[in-house]
Amino acid sequence: MIEGGCNCGAIRYRIEGSPLAIAACHCTRCRRQSGRIYSVNLVVKLSDMAVEGSLESFEDTRSDTGNSVYREFCGDCGSPIRSLLAGSPGIAAVKVGTADDPAALAPAFHVWTSMKLPWVEIPAALPQFERNAG
Ligand SMILES: [Zn+2]
Ligand SMILES: [Zn+2]
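None of the values given here were measured: they were computed from a predicted structure.

Attention now goes to the coordination of the zinc ion (ligand 2). Within the protein, Cys25 (SG), Cys27 (SG) and Cys30 (SG) serve as the donor atoms for the zinc ion (ligand 2), at 2.1 to 2.3 Å. Sequence positions of the residues that donate to the zinc ion (ligand 2) give the spacing C-x1-C-x2-C. Taking relative accessible area as the criterion, cysteine 30 reaches 8% and is therefore assigned buried.

Below, the structure written as structure tokens:
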């Protein structure tokens, strides 16, 4: 089980079981929204995730796949929490940095590396995908 939440405590979540995948995304939209050089996400079944509190949502219509991405965040403190993908219903991509204990949640692969910043180094052992995985 994975628990986490936002900076102010208005949002808390709990994910049952293990994530389906842990992926780092280098796309420009995730970069800007997370404020990070790349965004590490827990890919989980939406039905495995329970959220307490009311998430605000930004419909990102300029995602690189062309499908809307609903970027959900805490309306009180602004912490980004998760994204819902119109192209992958039933799946949530949860920002790993919002987990209470993210130490063991390292990314297993990197996606959208075609947009990777030149000074970001990816460990050689990890698979990389220029666009989406698979
Ligand atoms: Zn908050
Ligand atoms: Zn992305």
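Here the narrative resumes, following the displayed structure.
Quick look at the coordination of the zinc ion (ligand 1) now. Distances from the zinc ion (ligand 1) to its protein donors, namely Cys6 (SG), Cys8 (SG), Cys74 (SG) and Cys77 (SG), fall within the range 2.3 to 2.4 Å. For the zinc ion (ligand 1), the donor residues sit on a single chain with the sequence spacing C-x1-C-x65-C-x2-C. Residue cysteine 74 is classed as buried on the basis of its relative accessible area of 1%.

Moving on to the UniProt feature "domain: CENP-V/GFA" (unreviewed entry) in the chain. Here the UniProt feature "domain: CENP-V/GFA" (unreviewed entry) sits at residues 2–120. Split by type, residues 2–120 is 6% helix and 42% strand. Its first and last C-alpha atoms lie 28 Å apart.

Ordered in space as S1-S2-S5, the three strands form an open sheet in which the pairing is antiparallel. Looking along the sheet, the strands with just one partner apiece sit at the ends: strand S1 (2–5) and strand S5 (49–52). Each strand axis lies, on average, 15 degrees off the axis of its neighbour in the sheet, ignoring direction. Across four bridges, S1 lies against strand S2 (residues 12–15) in antiparallel orientation. In the sheet register, glycine 5 faces S2, and the bridge partner there is arginine 12.

For the structure shown, the criterion picks out five salt bridges. When the shortest N-O distance is used, the salt bridge between arginine 14 and glutamate 3 registers 3.3 Å. Taken together, the positions of arginine 14 in strand S2 and glutamate 3 in strand S1 put the pair eleven residues apart, joining distant regions of the chain. Taking relative accessible area as the criterion, arginine 14 reaches 37% and is therefore assigned partly exposed. Judged by its relative accessible area of 34%, glutamate 3 is partly exposed. A salt bridge links arginine 29 to aspartate 60; the nearest nitrogen and oxygen atoms lie 2.9 Å apart. In this pair, arginine 29 sits in helix H1 (residues 28–34) while aspartate 60 sits in strand S6 (residues 55–60), placing the two residues 31 residues apart along the sequence.

Rules of the game
- Residues numbered from 1 in each chain as written.
- Chains lettered and ligands numbered in written order.
- Predicted model: local features only at pLDDT ≥ 70, side-chain atom pairs only at ≥ 80, totals over all residues.
- Heavy atoms only, no water.
- Donors = N, O, S within 2.8 Å, 3.2 Å for Na, K, Ca; no water.
- Buried < 20%, exposed > 50% of the residue type's maximum accessible area, 1.4 Å probe, protein only.
- UniProt positions renumbered as here; feature names shortened; annotations may be inferred.
- Helix = DSSP H or I, 4+ residues; strand = E, 2+ residues; numbered from the N terminus.
- Pairing = 2+ DSSP bridges.
- Axes fitted to C-alpha atoms, helices over the stretch in contact; angles between N-to-C directions.
- Salt bridge = Lys/Arg side-chain N within 4 Å of Asp/Glu carboxyl O.

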